[in-house]
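# Per-entry structural report
Here is how the chains run, residue by residue.
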Amino acid sequence: VLRSQRAQGRGAVCSHDGNVGVEAAGAGTARIWDGNPGRRISVRGGHRAAVRSASFSPDDSLIATASEDKTVRIWNPRTSATLVVLRGHEQPVSSVAFSPDGSQVVSASYDNTARIWGTRSGRLVTVLRHQIYVSSATFSPDGAAILTASGDGTAELWDVRRGKPGTVVVDG
């Protein structure tokens, strides 16, 4: 059991090898845990509001964090150095996920969008628009599609290359 004082965990994720965990926490921080002895390795700050989501890159060399401060940060889990700050959302960011090859991240936000970004460059690739807030977004295993879930009860499967929805699923 990993315990932190005054924990306000909003989400947690393990590295692909299972040796490291990241807890998305309040107060603009992400806590990195060593999975074997269960000790905290470091606390990564930088966001100006609560961290809502965290994700490891496929090779575990990067972590992305999504925050209520309307940004996503890409950082190195070994050094805790922020490598890129992704800015452009107009409301809090609710989730973040890496593409299967690690070259892109997708962020979901309460500004009714999901956005695809270049991981290393920080360049905005495309904006996927919903009618209401987007609570989560993730890449398909082959990286060709993104699945988004929205507050209106719909999930949309988007073609990554075209930035267009292909399938809309409505909760009936």
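About the cut-offs
Residues numbered from 1 in each chain as written. Predicted model: local features only at pLDDT ≥ 70, side-chain atom pairs only at ≥ 80, totals over all residues. Heavy atoms only, no water. Pairing = 2+ DSSP bridges. Helix = DSSP H or I, 4+ residues; strand = E, 2+ residues; numbered from the N terminus. Axes fitted to C-alpha atoms, helices over the stretch in contact; angles between N-to-C directions.

This paragraph deals with the sheet that holds strand 6 (residues 63-67). One open sheet holds the four strands; their spatial order is 5-6-7-8, and the pairing between them is antiparallel. For this open sheet the edge positions go to strand 5 (51-56) and strand 8 (82-87), each flanked by a neighbour on one side alone. Strand-to-strand, the axes of this sheet are offset by a mean angle of 20°, without reference to chain direction. Where strand 6 lies against strand 7 (residues 71-75), four bridges are found, and the strand directions are antiparallel. By the bridge assignment, Ala66 is partnered in strand 7 with Val72.

If you walk across this open sheet you meet the four strands as 9-10-11-12, and the pairing is antiparallel. What marks the edges here is a single partner per strand, and that holds for strand 9 (93-98) and strand 12 (124-129). Each strand axis lies, on average, 20° off the axis of its neighbour in the sheet, ignoring direction. In the sheet, strand 10 (residues 104-109) pairs with strand 11 (residues 113-118) via five bridges, with the strands oriented antiparallel. Bridge assignment links Val106 to a residue of strand 11, and that residue is Ile116.

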